[in-house]
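Take a look at the letters that make up each chain.
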Amino acid sequence: QVQLVESGGGLVQPGGSLRLSCAVSGFTLEYYAIGWSRQAPGKEREGISCISPSDGYTWYLDSVKGRFTVSSDNAKATASLQMNSLKPEDTATYYCTVLMECTSTVVTWADIWGQGTQVTVSS
């Protein structure tokens, strides 16, 4: 069974930083991409970042580009999301998410994600 377990969320002031972590089991990261999605209260889920297992290509939603950094370690079966310069609009539940493709031309999200970790950015 595929399992993804997120951790690292919390309450932070605007301009602060958080690092989210994801432990993966049940599939091989070498063959499947991994990324992060989020869902704010009352809004639909949106993909925010992914990383390719082949060449390390990364994709970011425009609103987080330059502030967030995604990384993965295939050997350790983990993924991370470093979030800097956080804004109130970043407040959401963040999910580690499996992707079928994460390339410069195609980003395809799978319906597989973890339980989520809450990130709240507030003064």
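Residue numbers restart at each chain and count upward from 1, following the sequence in its written direction. This being a predicted model, a pLDDT of at least 70 is required before a residue's local features are given, and a value of 80 or more before pairs of side-chain atoms are given or counted; all residues contribute to the totals for chains, interfaces and linings. Note: side-chain values were computed over all heavy atoms of the structure, leaving out hydrogens and water.

Participant: Please explain the overall build of the protein chain as it appears in this structure.
Facilitator: The numbering of helices and of strands both runs from the N terminus, where a helix is a DSSP run of H or I of at least 4 residues and a strand a run of E of at least 2. Each helix and strand in the protein chain was counted, giving zero helices and eleven strands. Counted from the first residue to the last, the protein chain has its helices and strands arranged as β-β-β-β-β-β-β-β-β-β-β. Relative to the compact-globule value of 14 Å for 123 residues, the protein chain shows a C-alpha radius of gyration of 13 Å, a close match. In terms of its C-alpha atoms, the protein chain occupies a principal-axis envelope of roughly 40 × 30 × 25 Å. Note that the radius of gyration is over C-alpha atoms, with the globule rule given as 2.2 Å times the number of residues to the power 0.38.

Participant: Can you help me understand unusual backbone geometry in this one?
Facilitator: Glycine aside, residues mostly have negative phi, and peptide bonds are mostly found in the trans state. A positive phi angle, near 55°, is found at Ala 77, a position not held by glycine. Inspection of the secondary structure assignment puts Ala 77 in the loop between strand 7 (68-73) and strand 8 (78-83). Look at Ser 85: it is not a glycine, yet its phi comes out positive at around 50°. Looking at where Ser 85 falls in the secondary structure, it is placed in the loop between strand 8 and strand 9 (92-102).

Participant: Whenever I open this one, the state of the cysteines confuses me. Can you help?
Facilitator: Any covalent bond linking the sulfur atoms of two cysteines counts as a disulfide. The definition used for a disulfide is geometric: two cysteine sulfur atoms within 2.5 Å. This model, assessed by the stated rule, comprises two disulfides. Covalently, Cys 22 is tied to Cys 96 through a disulfide, its sulfur atoms 2.1 Å apart. Judged by the sign of its S-S torsion, about -80°, the cystine formed by Cys 22 and Cys 96 is left-handed. One end of the pair, Cys 22, is in strand 3 (residues 18-25); the other, Cys 96, is in strand 9, and 74 residues separate them in sequence.

Participant: How do you make sense of the nonpolar core when you look at a structure like this?
Facilitator: We define a nonpolar core as any set of buried Ala, Val, Leu, Ile, Met, Phe, Trp, Tyr and Cys residues linked to one another through side-chain atoms lying within 4.5 Å. Relative accessibility decides the category of a residue: with a 1.4 Å probe and only protein chains considered, values under 20% of the type maximum give buried, values over 50% give exposed, and everything between is partly exposed. Counting 28 residues, the largest nonpolar core has Cys 22, Ile 34, Trp 36, Phe 68, Leu 81, Met 83 and Tyr 94 as its most contacted members. Of all the secondary-structure elements, those providing two or more residues to this core are strand 3, strand 4 (33-39), strand 5 (46-51), strand 7, strand 8, strand 9 and strand 11 (117-121). We call two residues contacting when some pair of their heavy atoms lies within 4.5 Å. Other than its neighbours up to four places away in sequence, Cys 22 contacts Leu 4, Val 5, Glu 6, Ile 34, Trp 36, Ala 77, Thr 78, Ala 79 and Cys 96.

Participant: What is the right way to read the packing of aromatic side chains from this model?
Facilitator: Remark: the centre distance and the inter-plane angle together describe each pair of aromatic rings, the angle taken between the planes. For Phe, Tyr and Trp, rings pair up if their centres lie within 6.5 Å, where Trp contributes its six-membered ring, and each pair is then called stacked (planes under 30 degrees apart), edge-to-face (over 60) or tilted (otherwise). One pass over the full model with this rule turns up one aromatic pair. When the ring of Trp 59 is compared with that of Trp 109, the centres are 6.3 Å apart and the planes differ by 70°; the resulting orientation is edge-to-face. Taken as a pair, Trp 59 in strand 6 (residues 58-60) and Trp 109 in strand 10 (residues 107-113) lie far apart in primary sequence, 50 residues in all. Trp 109 sits in the partly exposed class, given a relative accessible area of 27%. Each ring is checked for a lysine NZ or an arginine CZ that lies within 6 Å of its centre and within 35 degrees of its normal; such an atom marks a charge sitting over the ring. Taking NZ or CZ as reference, Arg 45 lies 3.8 Å from the ring centre of Tyr 95, over its face. Looking at Arg 45, its charged tip hangs above the ring of Trp 113, at a distance of 4.3 Å from the centre.

Participant: Where do I start with the pattern of salt bridges in this structure?
Facilitator: A side chain of one charge can pair with a side chain of the opposite charge if their charged atoms are brought near each other. Between Lys or Arg on one side and Asp or Glu on the other, a salt bridge is scored when a side-chain nitrogen of the former is within 4 Å of a carboxyl oxygen of the latter. Applying the stated criterion across every chain yields a total of four salt bridges. For Glu 46, the salt bridge is made with Arg 38, and the minimal N-O distance between the two is 2.9 Å. Taking the shortest distance from any N to any O, the salt bridge between Lys 65 and Asp 62 comes out at 3.2 Å. For Lys 65, a relative accessible area of 51% translates into the label exposed. Sharing partners across several salt bridges, the network here consists of Arg 38, Glu 46, Arg 67 and Asp 90.

Keep in mind that these numbers describe shape and distance, not what the molecule does.
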